[in-house]
Amino acid sequence: MGKLYGIGVGPGDPELLTLKAHRVLNEADVIFCPEKETGAGSFAFDIIKGLLENTEAKIVNLVYPMHYHGAQLREMWKQNAGCIAEHLSGERTGAFITLGDPAVYSTFMYTLPYIEAAGVEVEVVPGITSFCAAADSMKMPLVAWNEDLVVAPVRKNSSEDLGRVLREHDNVVLMKPSTDPEALLRALEENHLEDRFVLITKTGTGEERLVTDFEDLKKYDIPYLSTVIIKKQGRQ
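What counts, and where the lines are drawn
- Residues numbered from 1 in each chain as written.
- Predicted model: local features only at pLDDT ≥ 70, side-chain atom pairs only at ≥ 80, totals over all residues.
- Heavy atoms only, no water.
- Helix = DSSP H or I, 4+ residues; strand = E, 2+ residues; numbered from the N terminus.
- Contact = heavy atoms within 4.5 Å.
- 1 Å grid on protein atoms, 1.4 Å probe; cavity = no way out; pocket = protein on both sides within 12 Å on 5 of 7 lines; lining within 4 Å.
- Points joined across faces, edges and corners; volume = space filled by probe spheres on them.
- Nonpolar A, V, L, I, M, F, W, Y, C, P; charged D, E, K, R; others polar.
- Domains from an automatic or database assignment.
- Buried area = accessible area lost by both parts, 1.4 Å probe.
- Salt bridge = Lys/Arg side-chain N within 4 Å of Asp/Glu carboxyl O.
- Core = buried A, V, L, I, M, F, W, Y, C linked by side-chain atoms within 4.5 Å.
- Buried < 20%, exposed > 50% of the residue type's maximum accessible area, 1.4 Å probe, protein only.

Draft legend 1. Layout of the side chain of Thr98. On the secondary structure map, Thr98 appears in strand β4 (residues 93-98). Among residues more than four places away in sequence, those in contact with Thr98 are Ile7, Gly8, Val9, Ala44, Ser106, Thr107 and Phe108.

Below is the structure:
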């Protein structure tokens, strides 16, 4: 059985790909690309396609639906792991690309246990997260001195939970804010943090957008590839 690399390709800028990731991608026999539905395409592949020098690598798209139906998802993860194992028979090398870093809400980590159960050796290559890239581009420290930081998702009907997180921590990164924009707005307003946030969309791409005005946020249709950073001490 061959070997699979789980590769974080960063948030959007191809130049943020690590040297190791670049080398592995150009040595791989097969590159596995997640997409939300058949034919939808892979944003992760769009990031790295211009850096591929190995024209003989096979590109395999794997469907990862955007829902939370547990049994269906687990079956899909198992099927995808079987597909990966099949392609890597005979000591072939594969690269599974995923946005940001594989350890942060990635499709790769959901499938990892099933891949290893199929007998495939796995190595994970780190990538740059969207919130680190966004904070660095703004010259804004995520944490300083004795401040703390929490990373949490925005879930449906979660304004109360978000409010508690905002009250208990100095700095907060909210992933997947498009899941419930109203909960985000309510939590910010109720905790008087209307001027303490920044929303970043499609970091590192030509479509990157920053939203720092609360009135603009209320009117903005937040896309999926978005991150919110909230600092109680204010943006610097």
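Draft legend 2. Highlighting the layout of surface pockets. Approximately 1300 Å³ is the volume attributed to the largest pocket. Together, 39 residues line the largest pocket, and Met66, Leu99, Thr107, Tyr224 and Leu225 are the ones closest to its centre. Every element with two or more residues in the lining of the largest pocket is listed here: β2 (30-35), α2 (43-48), α3 (70-87), α4 (107-117) and β10 (226-231). In terms of residue count, the dominant contributor to the lining of the largest pocket is α2 (three residues). For the lining of the largest pocket, the class distribution of residues is 19 nonpolar, 14 polar and six charged. If you count residues domain by domain, the lining of the largest pocket takes at least three from each of domain 1 (1-123) and domain 2 (129-229).

Draft legend 3. Inspection of the domain arrangement of the protein chain at higher detail. In terms of domain boundaries, the protein chain breaks down into domain 1 (1-123) and domain 2 (129-229). In this complex, domain 1 contributes 12 residues to the contact, which on the side of domain 2 involves 14 residues. When the two sides are added together, the surface that domain 1 and domain 2 hide from each other amounts to roughly 950 Å², 75% of it contributed by carbon and sulfur. Summed over the shared surface of domain 1 and domain 2, the result is zero salt bridges. Considered class by class, the residues forming the side of domain 1 that touches domain 2 number eight nonpolar, two polar and two charged.

Draft legend 4. Geometry of the nonpolar core. Judged by nonpolar contacts, the single largest core of 23 residues is most densely connected at Leu174, Leu188, Leu217 and Ile230. Elements represented by at least two residues in this core include exactly β6 (149-153), α6 (159-168), β7 (171-175), α7 (181-190), β8 (197-201), α8 (214-219) and β10. The greatest single-element share of this core, amounting to five residues, is contributed by α7. Counting residues in hydrophobic clusters, the runner-up holds 18 residues, among them Val30, Val60, Trp77 and Leu88.

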